[in-house]
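Per-entry structural report
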Amino acid sequence: MKPPAIVLLSGGLDSATTLYYALSKGYAVRALIFDYGQRHRREVTAARAVARAAKVPFEVVGISLPWKGSALLDSRVKVPSGGVRKGMIPPTYVPARNIIFVSFAASFAEAVGAKAVFIGANAVDYSGYPDCRPEFFKAFQGALDLGLKAGAGQRRVRILTPLVDLSKAEIVRLGSRLGVPLGLTWSCYNGGQKPCGVCDSCRLRSLGFAQAGVADPALKGVGA
Ligand code: ZN
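Below: a short report on this structure. (Residues numbered from 1 in each chain as written. Predicted model: local features only at pLDDT ≥ 70, side-chain atom pairs only at ≥ 80, totals over all residues. Heavy atoms only, no water.)

1. Thoughts on the side chain of Asp125
Considering the arrangement of structural elements, one finds Asp125 in the loop between β4 (116-118) and α4 (134-147). Within the structure, Asp125 has its side chain in polar contact with the backbone nitrogen of Lys168 (distance 2.8 Å). In this structure, Asp125 is in contact with Ser167, Lys168 and Leu204, ignoring residues within four places of it in sequence. (Helix = DSSP H or I, 4+ residues; strand = E, 2+ residues; numbered from the N terminus. Polar contact = N/O pair within 3.5 Å; in protein donor to acceptor, adjacent residues only side chain to side chain. Contact = heavy atoms within 4.5 Å.)

Quick look at the structure:
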């Protein structure tokens, strides 16, 4: 029997690649998608489309963060378009997002007997969010081992971050090799019909595709 695993799926390039990576490793994947009040719903639509394309069951969980505190949650705060600045945590940081997401995934995993939680966090070509760093996941693993019933027994739920040390170009290559439907993924922090091309997430994505020498299928039919 395939070992069950939960994959956090946001609809972006990284999480979609992580989902296909988990499938390639023989896991019986269940995707967990959050509708957490993102400034646009495009992300949730993309995540559903990727899960359907991969033929994996998924849950969409609604979470409300009424205190906002992020450009991704508050349409009055402008999403920066000037490029990633090393050592700066940008206003698109969502307070405690990965702590919340991994906690929900751990609960899901424990409830259904899954041994692994996959998250497509990346700490190379990224926006500088502290909760994407390997140190965070290592420390959080310690918390799960102590706080879960499964952790207190012998059935540890492991947090797996297969992309954490990869460059964006390496992620694009891996995704292409695994057959990820890259055209269905959505990385832009802004909504709309086409990616804005100037937010940090669009910039990192286009850099990755360019360095990998792959045309981004999500930009097909989109004018430059
Ligand atoms: Zn964008």
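2. Some thoughts on the sheet that holds strand β5 (residues 158-160)
Read across the sheet, 5 strands follow the order β3-β2-β1-β4-β5 without closing on themselves; strand pairing throughout is parallel. Two strands in the sheet have a free side with no partner beyond their single neighbour: β3 (58-62) and β5. Averaged over all pairs of adjacent strands, the angle between strand axes in this sheet comes to 25°, irrespective of strand direction. Looking at chain direction, β4 and β5 are connected through 3 bridges and run parallel. By the bridge assignment, Phe118 is partnered in β5 with Leu160. Sheet contacts for helix α3 (residues 97-112): β1 (4-8), β2 (28-35), β3, β4 and β5; angle to β2, the most-contacted strand, approximately 140°. (Pairing = 2+ DSSP bridges. Axes fitted to C-alpha atoms, helices over the stretch in contact; angles between N-to-C directions.)

3. Examining empty space enclosed by the protein
The full count for this structure, using the stated rule, is 2 cavities of 30 Å³ or more. Lining the largest cavity are 37 residues, and of these Ser10, Asp14, Arg97, Gly120 and Tyr129 sit closest to its centre. Put simply, the parts of the chain that give the lining of the largest cavity at least two residues each are α1 (13-24), β2, α2 (42-53), α3 and α7 (200-212). Partitioning the lining of the largest cavity into residue classes produces 20 nonpolar, 10 polar and 7 charged. For the second largest cavity, the calculated volume is near 40 Å³. Lining the second largest cavity we find Ala109, Glu110, Gly113, Ala114, Ala150, Arg155 and Val157. Residues that form the lining of the second largest cavity fall into these classes: 4 nonpolar, 1 polar and 2 charged. (1 Å grid on protein atoms, 1.4 Å probe; cavity = no way out; pocket = protein on both sides within 12 Å on 5 of 7 lines; lining within 4 Å. Points joined across faces, edges and corners; volume = space filled by probe spheres on them. Nonpolar A, V, L, I, M, F, W, Y, C, P; charged D, E, K, R; others polar.)

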